[in-house]
Amino acid sequence: MPVLNRIADYAPQMTAWRRHLHQHPELGFECQETAAFIVERLREIGVDEIHEGIGRTGVVAILNGSAPGATVGLRADMDALPIVEVTGKPYASTVPGRMHACGHDGHVTMLLGAAKYLAETRRFAGRVALIFQPAEEDGGGGLAMVEDGMMDRFDIHEVYGIHNSPNTPFGHFHTAPGPLMAAVDTAWVYLTGKGGHGATPHETVDPIPAAVGMIGALQTVVSRNVSALDELVISVTQFHSGTASNIIPEEAWFCATIRSFTPEVRALAKTRFHAIVEGHAAAYGVAARVEYDWGYPPTVNHAAQAGFAAEVAREISGEAAVLADAPKEMGAEDFSYMLEARPGAYLFLGTGPGAGLHHGAFDFNDEAAPVGASFFARLVERALPLA
C-alpha cells in the first residue's frame, strides 16, 4: 500500500495511540478524557491553535500552511458504543459495557497521523481545521459543533470525513456524488390497556395484540405506500411487555428505526406511522402515544468534492481500489450536518476481513491508520497547493 513514507514511519506510534483510545472508551458527549488525550497529542505535534469545548466536548485544531489560502476541514468522530467487548485483546476496553465497536478510535488516529505529517511538512497554502467530534453514535455531535458556529468561526470552506469499512478489501476506498447514506428517524410507541389474569382475557384490554397488529401493518408502508423505485426501511428493533406467564400486562411499548433518502419519503413514513398506530389503537381499544424523533438527515456528498476525493484516493490506493460511484447505504451519519453547512465528501476505507461494525468482536485494523492518514494529508496538499 503506497502510503506516504513519513506517515508509514509513524505506524508504531499511531498503533499505540489507537490502542490507548480503545482501552478508554467514552459515550456520546461524555468524551472528556478522549478530548484531553487528543489535545495532549496535538500539543506534542505542534499545531498552531487548539480550541476545546466546541459542541460540548469537541475539539478543533488549526494548522497553518506555508502561505495564505482557504481552510479545509478534516473530521474524525471519537465516541464509543454501549457494547460489551469480547475480543480478548490485551488492549481491550477497560470500561465494562463500553467499547470502540465502530472504529472511531481508528478515525481519531488517522487524523492525528495526518496532523503530525502536515505539521512537520507544511507543504500547503492555507489552513487545516482538524475536527474531533463527540456523539456521532447518539446525540448529533456534528450538529452541535455546527450550531456552535464552527464553520464560520474557523472559515472552513470544505469538509471531508472517512469511516472504516470492515470486510471491504484492505485499502480500497468507496464514495459517490450525491446521497451516500440515509436519513435516520426513531419512533417509540407506548400502549396502555387494562391488565388482568391470563385466564380471563375478556376482562382485560390486552396491549400485546395491539402492538403486534401495529408492527405487522407498519411493514406495509414500504411495500404498499412507497414506490419500488424509492428507498425506505422501517425496522422494529425493540418490543417490551409483560412480567409473567399468567398476567396480561397493562402496558407495552416498541421502538422502530426509519431510514430514507428524500424529504417526501421521509414525511410519508412519519404520516403513515402515526396513522397506523392511531388506527390500530382505536380498533383494539388501547391508548397509544408516539414519540417520533426526527434524526440525522441523509449524508449527501457534493459532486465536485466527491470526485476530487476519489482522485486523491487513487493516488493512495491505485485506480482499481477506488469505487467512485458506490451504491447508497441505509446506515446514517451525522457528518450529514457538516455537509449541509459546507461542500465536502464522505468516504469509506476498507480494513479487510473482521467482525462487523457494532459487534462485540470488532477491532479496528491498525494497518489501515497510515492509509487513512495518507489520504487526509494528500487531500490537503492537493486542495491547497503551494504556488
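This structure is a prediction, so every number in the text was calculated from the model and none was measured.

**So, the overall build of the protein**
Here's step 1: The helix and strand inventory of the protein stands at eleven helices and 16 strands.
Here's step 2: Expected size for 387 residues packed as a compact globule is a radius of gyration near 21 Å; at 23 Å, the protein falls within 12% of this value.
Here's step 3: With respect to the principal axes defined by its C-alpha atoms, the protein has extents near 80 × 45 × 40 Å.
Here's step 4: Burial statistics for the protein: of 387 residues in total, 54% are counted as buried.
Here's step 5: Within the protein, counting contacts between residues at least 6 apart in sequence, those at least 24 apart form 82% of the total.
Here's step 6: As presented, the protein carries roughly 15500 Å² of accessible surface, and 53% of it is formed by carbon and sulfur atoms.
Here's step 7: When the 26 positive and 45 negative side-chain charges of the protein are each reduced to one mean point, those points stand 3 Å apart.

**Concerning unusual backbone geometry**
Here's step 1: In this structure, Arg122 is a non-glycine residue whose phi angle is positive, near 55°.
Here's step 2: In this structure, Arg122 sits in the loop between α4 (104-121) and β4 (125-133).
Here's step 3: Owing to a relative accessible area of 18%, Arg122 belongs among the buried residues under this scheme.
Here's step 4: The phi angle at Ala135 is positive, at roughly 55°, despite the residue not being glycine.
Here's step 5: Its place among the elements puts Ala135 in the loop between β4 and α5 (141-147).

**Here we look at the side chain of Glu381**
Here's step 1: Within the secondary structure, Glu381 sits in helix α11 (residues 369-383).
Here's step 2: A residue is classified by how much of its surface remains accessible, and Glu381, at 11% relative accessible area, is buried.
Here's step 3: A polar contact of 3.2 Å, which involves the side chain of Glu381, links it to the side chain of Arg378.
Here's step 4: Sequence-distant contacts of Glu381, that is, excluding residues within four places in its chain, are made with Tyr117, Thr121 and Arg123.

**Considering the packing of α4 against α11**
Here's step 1: Packing of α4 against α11 leaves a shortest axis separation of 8 Å and a crossing angle of 45°. Of the possible angle classes, the one that applies to α4 and α11 is oblique. Read as a crossing pair, α4 and α11 show a hand that is right-handed. On α11, the residues touching Thr109, Met110, Leu111, Gly113, Ala114, Tyr117, Leu118 and Thr121 of α4 are Ala369, Gly372, Ala373, Phe376, Ala377, Val380 and Glu381.
Here's step 2: Split into classes, the residues belonging to the contact of α4 with α11 amount to ten nonpolar, four polar and one charged.

**Considering the packing of helix α3 (residues 32-45) against α4**
Here's step 1: Where α3 contacts α4, the axes come no closer than 9 Å and their chain directions differ by 20°. Comparing the axis directions of α3 and α4 gives the class roughly parallel. Taken as a pair, α3 and α4 cross one another with a handedness that is right-handed. Mapping the contact onto sequence places Ile38, Arg41, Leu42 and Ile45 in α3 and Val108, Leu112, Ala115, Lys116 and Ala119 in α4.
Here's step 2: The class makeup of the residues in the contact of α3 with α4 is seven nonpolar, no polar and two charged.

**Focus on the sheet that holds β4**
Here's step 1: An order of β1-β2-β4-β3-β5-β16-β6-β15 is seen for the eight strands of this open sheet, with the pairing classed as mixed. Two strands close off the open sheet at either side, each with one partner strand: β1 (49-54) and β15 (322-323).
Here's step 2: Lying over the sheet, α3 contacts β1, β2 (58-64) and β4, oriented at roughly 170° with respect to β1.
Here's step 3: Contacts between α4 and the sheet are confined to β2, β3 (67-77), β4, β5 (156-165) and β16 (344-350), with β3 contributing the most and set at about 160° to the helix.

**A closer look at the environment of Glu137**
Here's step 1: Along the chain, Glu137 turns up in the loop between β4 and α5.
Here's step 2: Overall, Glu137 belongs to the partly exposed group, its relative accessible area being 21%.
Here's step 3: Distance in space between the C-alpha atoms of Glu137 and Val205 is 38 Å, their sequence separation being 68 residues.
Here's step 4: Every residue in contact with Glu137, bar those within four places of it in the chain, is listed here: Asp79, Ala80, Leu81, Cys102, His104, Tyr296 and His358.
Here's step 5: For Glu137, the side chain forms a polar contact with the side chain of His104, separated by 3.4 Å.
Here's step 6: Side-chain polar atoms of Glu137 contact the side chain of His358, separated by 3.3 Å.

**Quick look at the environment of Arg6**
Here's step 1: Along the chain, Arg6 turns up in helix α1 (residues 5-9).
Here's step 2: On the basis of relative accessible area, Arg6 is assigned to the partly exposed category, the value being 38%.
Here's step 3: Between the alpha carbons of Arg6 and Glu120 there is a distance of 9.7 Å; along the sequence they are 114 residues apart.
Here's step 4: Once residues within four sequence positions are removed from consideration, Arg6 is found in contact with Tyr117 and Glu120.

**Remarks on the pairing of β2**
Here's step 1: Counting buried positions along β2 yields six of seven residues, so the element is predominantly enclosed.
Here's step 2: Relative to β2, β1 is paired through five bridges, and the arrangement is antiparallel. Each residue of the ladder has a partner; that of His51, found in β2, is Val60.
Here's step 3: Between β1 and β2, which pair antiparallel one after the other, the connecting turn spans three residues, and Gly55 there sits at a positive phi close to 65°.
Here's step 4: Where β2 meets β4, six bridges bridge the pair, whose relative direction is antiparallel. For Val60, the partnering residue across the bridge sits in β4 and is Ile131.

Calculation notes
One numbering rule holds for all chains: residues counted from 1, following each sequence as written. Local features in a predicted model are, by the rule used here, given only for residues with pLDDT of at least 70; side-chain atom pairs are given and counted only at 80 or more, and totals for whole chains, interfaces and linings are based on all residues. No hydrogens and no water enter the side-chain calculation; it runs on all heavy atoms of the structure. By the criteria applied, helices consist of DSSP H or I runs no shorter than four residues and strands consist of E runs no shorter than two, each listed in order from the N terminus. We compute the radius of gyration over the C-alpha atoms and compare it with the globule rule, which gives 2.2 Å times the number of residues raised to the power 0.38. Note on exposure labels: buried denotes an accessible area under 20% of the residue type's maximum, exposed denotes more than 50%, and partly exposed covers the range between, all computed with a 1.4 Å probe on protein chains only. Throughout, a residue-residue contact means that at least one pair of heavy atoms, one from each residue, lies within 4.5 Å. Here the Shrake-Rupley method, with its probe set to 1.4 Å, supplies the accessible areas, and only the displayed protein chains count as covering residues. The positive count covers Lys and Arg only, the negative count covers Asp and Glu only, and His and the chain ends enter neither. To locate a charge, take atom NZ for lysine, CZ for arginine, CG for aspartate or CD for glutamate. Here a polar contact is recorded for every N or O atom pair within 3.5 Å, except that within protein the pair must consist of a potential hydrogen donor and a potential acceptor, and residues adjacent in sequence are included only if both atoms are side-chain atoms. Angles here are taken between N-to-C directions and fall from 0 to 180 degrees, while the axes themselves are lines fitted to C-alpha atoms, restricted in helices to the stretch in contact. Each angle gets one of four labels, with under 35 degrees taken as roughly parallel, over 145 as roughly antiparallel, 65 to 115 as roughly perpendicular, and the rest as oblique. Throughout, a crossing is termed right-handed when the near helix is turned clockwise from the far one, and left-handed when it is turned anticlockwise from it by less than a right angle. Polarity classes work like this: nonpolar for Ala, Val, Leu, Ile, Met, Phe, Trp, Tyr, Cys and Pro, charged for Asp, Glu, Lys and Arg, and polar for all others, with Gly in that last group. Following DSSP output, two strands are said to pair if at least two bridges run between them.

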